Amino acid sequence: MALPQSKFAAALRSNRGATRHFLPFLVPLVPLVAMTTVLYTVVTCLRWWRTGPRGIAGLIFPAISELGVGQPEKFLYQCGFAFGGIFMGAGIWLYALLVYPMLYDACTATPDGPHKVEELSLLSRILKWGYLAAFGVILQGVLTLETTVTLQCVLHWVGAMCFMLGGLNHARVADQLYEILQHRAFAREFATNRNVRESRRFFANSWVRLVTKFRHLIITYASLFLFAIPILSQISSAMMGSSSSPATEPAGETFAEAAADEVTAASGRNMPADLTTMNMMGMMQWGIILQFAIYFLTYAVDLCMAACMVTER
């Protein structure tokens, strides 16, 4: 029985119009628009937050959720993440239509057994975790954080966890399956196997090999870099904090300075240490978001190559 995704590829092959020829140029735009929208949203909201009443002087990397609490950045936060999440889900959908059938054929090249079942399970989970990550982006964006703990706050946190859980597991599963299928595509025992023919051509592309290695590096080493941030921050704080003293506050504080004073009083520590901790935590969060944004953006190469293969048949 033919896969539903293969019907889409068959329809493209039979289409002699403009859609067929422009598809390799159109499909990479979907992940590009998704990730550009998300990054533009957080950067713009950050600029508005710094100049608004909720900004805190000296806080360079606030929590991303904090950027959607007050207006006018709240409206942009909601629209930007909703739009970006929809396009991210559309990118996973295109992946299911264009890349999935080819990987499915490569998975079925082996005899029936536990390895085949495991590979098909990995392939299925690539899509499920990807859709979950896209849903999390939309949920945490539309239902923004509030100043008090409400049901909306809880759903916002659920959305953030869906994005993190979906993105991380999608990346791990995809990395594992790509390694298996890439090895199989060039293995001698599968040289004449018709099911592996398309995946061999896919993985032989230099751009696909490059982004596959790049995604592997992100999964393997990016987290190690993020965990190094607190250590570097502690070293910096220890070197600078011993010689620093709390600055004298001028008369007539702004709202941002008053908010910073409240954080200081509540923690019982001096201002530099508080801001260092807040910047450290915010930097880790921004790094994680940037990591996944770049990761999903690289699927533009997979989609472009798969679209070229479909339209050339």
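Placed above this text is the structure.
What comes next is a walk through the structure. (Residues numbered from 1 in each chain as written. Predicted model: local features only at pLDDT ≥ 70, side-chain atom pairs only at ≥ 80, totals over all residues. Heavy atoms only, no water.)

In this structure, Met-88, Tyr-95, Leu-98, Val-99 and Phe-202 are the most contacted members of the largest nonpolar core, which totals 65 residues. Here this core gets 9 residues from one element, more than from any other, and that element is helix 4 (residues 73-98). If near-sequence neighbours (up to four positions away) are discounted, Val-99 is found in contact with Leu-94, Tyr-178, Phe-202, Asp-302, Leu-303 and Ala-306. (Core = buried A, V, L, I, M, F, W, Y, C linked by side-chain atoms within 4.5 Å. Buried < 20%, exposed > 50% of the residue type's maximum accessible area, 1.4 Å probe, protein only. Helix = DSSP H or I, 4+ residues; strand = E, 2+ residues; numbered from the N terminus. Contact = heavy atoms within 4.5 Å.)

Here the structure, examined in full by the defined rule, presents 11 aromatic pairs. Ring centres of Phe-61 and Trp-286 lie 6.4 Å apart, and the angle between their planes is 65°; this geometry places the pair in the edge-to-face category. Taken together, the positions of Phe-61 in the loop between helix 3 (29-51) and helix 4 and Trp-286 in helix 11 (residues 271-297) put the pair 225 residues apart, joining distant regions of the chain. Judged by its relative accessible area of 26%, Phe-61 falls in the partly exposed class. Here the aromatic rings of Phe-296 and Tyr-299 are separated by 6.3 Å at their centres, their planes lie at 50°, and the arrangement is tilted. Summarising the burial analysis for this pair, Phe-296 and Tyr-299 share the class buried. By the ring-pair criterion, three or more aromatic residues cluster together here, those being Tyr-95, Tyr-295, Phe-296 and Tyr-299. Taking NZ or CZ as reference, Arg-215 lies 5.9 Å from the ring centre of Tyr-295, over its face. It is Arg-215 that lies over the ring of Tyr-299; its NZ or CZ is 4.5 Å from the centre. (Phe/Tyr/Trp six-rings, centres within 6.5 Å; stacked < 30°, edge-to-face > 60°. Lys NZ or Arg CZ within 6 Å of the ring centre and 35° of its normal.)

In this section: the environment of Gln-176. Examined against the element boundaries, Gln-176 turns out to sit in helix 7 (residues 151-185). When the C-alpha atoms of Gln-176 and Leu-123 are compared, they prove to be 9.9 Å apart, with 53 residues separating the residues in sequence.

A word on the packing of helix 5 (residues 100-107) against helix 7. Helix 7 packs onto helix 5 with a crossing angle of 65° between their chain directions and a minimal axis gap of 10 Å. For the pair helix 5 and helix 7, the sense of crossing is left-handed. Contact residues: Leu-103, Ala-106 and Cys-107 in helix 5; Leu-177, Tyr-178, Leu-181 and Arg-184 in helix 7. When grouped by side-chain class, the residues that make up the contact of helix 5 with helix 7 number 6 nonpolar, no polar and 1 charged. (Axes fitted to C-alpha atoms, helices over the stretch in contact; angles between N-to-C directions. Left-handed = near helix turned anticlockwise from the far one by under 90°. Nonpolar A, V, L, I, M, F, W, Y, C, P; charged D, E, K, R; others polar.)

For Gln-140, the location among the structural elements is in helix 6 (residues 114-142). By relative accessible area, which is 9% here, Gln-140 ends up buried. Looking at Gln-140, its side chain comes within polar contact range of the side chain of Tyr-77, at 2.7 Å. A polar side-chain atom of Gln-140 sits 3.3 Å from the main-chain carbonyl oxygen of Val-137. Non-local contacts of Gln-140, meaning those with residues more than four positions away in its chain, are made with Tyr-77, Phe-81, His-156, Gly-159 and Ala-160. (Polar contact = N/O pair within 3.5 Å; in protein donor to acceptor, adjacent residues only side chain to side chain.)

Attention now moves to the packing of helix 5 against helix 8 (residues 197-204). One way to put it is that helix 5 packs onto helix 8 with a least axis distance of 8 Å and a crossing angle of 120°. Classified by the angle between their axes, helix 5 and helix 8 sit oblique to one another. Judged by the sense of rotation from one axis to the other, the crossing of helix 5 with helix 8 is left-handed. Of the residues in helix 8, those in contact with Met-102, Leu-103 and Ala-106 of helix 5 are Glu-198, Ser-199, Phe-202 and Phe-203. (Parallel < 35°, antiparallel > 145°, perpendicular 65-115°, else oblique.)

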